[in-house]
Amino acid sequence: DTEMILQALYNYYEAMRKMDRIAPLGQEVKPIGWVIVIREDGSFVRLKNIKNPNDNMGREYLVPIAEKRSGQRPPAQPFWDNRKYILGYEESTEGVSPCMNQFEDFKRAISEVANLYPDNACFKAVCRFYEHYRGAETPLPEDAHTERIFVEDWMTFQLQGDTELLATQEDAYDYAAQETLASNIEGRCLITGERLPIARIHPRIKMPNAKPGTTLISFNDPSSQSYGKKQGSNAFVSTYASFTHTTALNYLLSNQQTRYSLGSLFYVFWNSDLDDPSINETFRTVTFEGIKNDDTQEQSDPDDEQPKRKSKSKKKAPDPTQYTYKVLEQFKAIRGNRGHGEHWDDTRQFYILGLTLSEGARISVKYWQQGTVSEIFDRVYQHLVDMNIISRDGFVDEENPPLRSLYEIVSTVSPVSTAPSSKKFQLNLIQSIVESILNGTPYPLTLQQACISRIPQILRQKSNKEKKEYKKRFDLCVAILKGCINRKARVYKHLKELDMALDKQNDNIAYLSGRLFAVFEQVQRAALGKGVNATIRDRFYDSASTRPNTVMGPLFRLSNHHLSKLYKETPGLAVFFDKLLNEITELITTKEKAFPATFSLDEQSLFAVAYHHQKVDIYKKKEEDTDNPSEEIEQ
């Protein structure tokens, strides 16, 4: 897959380069914060702060690409760098300390470049500047305010009267391009197929909110070397192709519309039609991000978001239903839906690459998928359909399923102690969910098991705030379990697909048990009111959904006792529940089924979905066949 990934990134870069949308050879975008203005004789004029005052970030420029820094003495960048290299000092709690090694390295680097370009006045002026300035021992004039320069700030020079910076000179770009292509090794490139200079090491990948990581191709460990070949000699990728695939990946990682992260997992995605960015944006929203509105839990990963300034004006949150319809309308159009059941295949190519960054700054490829837009979007839509279930208020919309964010799914099934920080989420769970969505395969067993484990914990929450959250989390859990069953059913024929709403013909004993339990709970609530300390759900849900034969008999007897009370107080409601219990038990007795000793994982899932189906169905019928039991029936 590595060769396919690099080829796809190379093609993306070449297409973007032809449209002037990506950094040219040997260049990258860097935020420059400070400019030292000098005269041609090298004398100091002033220190210019060009940071954005709102976010204190530097102004972005295309500059010569940075050399890969590693080892005890990282190399200097000849045209821009930080204060340690350009000014020769470091700050700490103990005060200012000189950094003469880095300082001398920068002076040497710019001197070498100036010798290569003798007609460049700016290069000469910088060399003359260092004839006067000798680092920490000869600080800049007091009005320079060097104490405002942070170690993470990038600096460069500028000739007085010039509009260009040292780092944006054409000669600087030319030097960087030649250095990028320089190599002592020649070979046939794995990507281009041509005989070209081969990259010894590859540029770094820049993960968002992380220090520069390693490369996609790395042979630093002796165990990965063969036949005495070191580093890039083990995999022939040309210096040009190395620059292109790295620049393309860094561009995709820097763009919110082409990336999504959860924990330390990063997904980048792009399509072959560069003139239609809506494909990438819609894919991100529908597959990963979900609904954005103030009334829902944070849908995207909070650890992925950059710090944002607070706006004084408050915008009204969009209606989630209308937002879903709008996004799905666009999503269906991209899939190829033309209405009236017509469908056409969108053959544009779509790519998804999953990466993870370990603590040692090692990048691993976790997922790679390539297919047509229709293929990928069809699988995502099937995922939404599989998790589509009747809402708590009885709303059913088969054509427009709700958008489920990846963060919401994983946080719902994760232990309470890990939420909301995605850094503690299980990476294997995230990865396997994404793979199942994009491959159209059953959801991972770990997701189903996690849902089953979380439901009893969710149901035991008591406070009003917890109850509101429990309803949201429980509804998503049963939606996930419905999806787990339906995706399995398409592979394993012994399972039957579940409907969105109550299926009165389903005679599966686990499904019927879930229905019964929902009725038992509502009968108790109607008979005893809201003041019950421990309800049937609190005491028996766990055992009823796992070991039904131990509790279903006692629950029947308890329900009969509650019904007797209801017949005296609200006979209409008692008749309603009595009929419902008979309707369910008839399906059990007809098949001569008994409650088994245990329920399997799939049967526990059926129990939970049926429990939800039946509760919603009872609530919908609160004004049917009864005197008006809306007060006695819990939604």
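Residues numbered from 1 in each chain as written. Predicted model: local features only at pLDDT ≥ 70, side-chain atom pairs only at ≥ 80, totals over all residues. Heavy atoms only, no water.

The interhelical angle for the contact between helix α10 (residues 406-413) and helix α12 (residues 445-459), taken along N-to-C directions, is 55°, at an axis separation of 8 Å. By the angle between their directions, the pair α10 and α12 is classed as oblique. Contacts between α10 and α12 involve Ile409, Thr412 and Val413 on the former and, on the latter, Leu447, Ala450, Cys451 and Arg454. Here the contact of α10 with α12 is built from residues that sort into five nonpolar, one polar and one charged. (Axes fitted to C-alpha atoms, helices over the stretch in contact; angles between N-to-C directions. Helix = DSSP H or I, 4+ residues; strand = E, 2+ residues; numbered from the N terminus. Parallel < 35°, antiparallel > 145°, perpendicular 65-115°, else oblique. Contact = heavy atoms within 4.5 Å. Nonpolar A, V, L, I, M, F, W, Y, C, P; charged D, E, K, R; others polar.)

Bringing helix α18 (residues 601-620) into the picture now. With 20 residues, α18 should reach 28 Å at 1.5 Å per residue; the first-to-last C-alpha distance of 29 Å fits that figure. Within α18, 16 of the 20 residues are buried, which leaves it mostly tucked inside the rest of the structure. (Expected span 1.5 Å × (residues − 1). Buried < 20%, exposed > 50% of the residue type's maximum accessible area, 1.4 Å probe, protein only.)

Take the nonpolar core next. Core analysis: the biggest nonpolar cluster contains 97 residues, and Phe283 and Phe577 have the highest contact counts within it. No other element matches helix α14 (residues 509-528), which puts 12 residues into this core. Listed in part, the 41 residues of the second largest apolar core include Tyr89, Val113, Tyr133 and Ala167. (Core = buried A, V, L, I, M, F, W, Y, C linked by side-chain atoms within 4.5 Å.)

Okay, the side chain of Ser545 next. By the element assignment, Ser545 lies in helix α15 (residues 536-546). Polar contacts involving the side chain of Ser545 include one to the main-chain carbonyl oxygen of Asp542, which spans 3.1 Å. (Polar contact = N/O pair within 3.5 Å; in protein donor to acceptor, adjacent residues only side chain to side chain.)

Moving on: the sheet that holds strand β14 (residues 363-372). Here four strands make up an open sheet; going across it, the order is β9-β10-β13-β14 and the pairing antiparallel. Each having just a single partner strand, β9 (259-262) and β14 make up the two edges of the open sheet. Across the sheet, the axes of successive neighbouring strands diverge by a mean angle of 15°, strand direction being ignored. As paired elements, strand β13 (residues 349-357) and β14 share nine bridges and run antiparallel to each other. Pairing of Thr356 across the sheet is with Ser364, part of β14. Here helix α9 (residues 373-386) sits on the sheet and contacts β13 and β14; the angle it forms with β14, its principal contact strand, is near 110°. Along the sheet, helix α11 (residues 427-439) contacts β9, β10 (265-271), β13 and β14; its crossing angle with β14, the most-contacted strand, is approximately 10°. (Pairing = 2+ DSSP bridges.)

Further remarks concern the packing of aromatic side chains. Scanning the entire structure with this criterion turns up 38 aromatic pairs. Ring geometry for Phe517 against Phe607: centres 5.9 Å apart, planes inclined by 50°, an arrangement best described as tilted. Of this pair, Phe517 sits in helix α14 while Phe607 is found in helix α18, placing the two residues 90 residues apart along the sequence. This pair shows no difference in class: Phe517 is buried, exactly as Phe607 is. Here the aromatic cluster, defined as three or more aromatic residues joined through ring pairs, consists of Tyr260, Tyr267, Phe269, Phe283, Phe288, Phe331, Phe350, Phe377 and Tyr381. (Phe/Tyr/Trp six-rings, centres within 6.5 Å; stacked < 30°, edge-to-face > 60°.)

All right, on to the side chain of Ser278 then. Mapped onto the elements, Ser278 comes out in helix α7 (residues 278-289). Since its relative accessible area comes to 17%, Ser278 is described here as buried. Only 2.4 Å separates the side chain of Ser278 from the side chain of Asp276, close enough to count as a polar contact. Discounting chain neighbours no more than four positions away, the residues touching Ser278 are Gln330 and Ile334.

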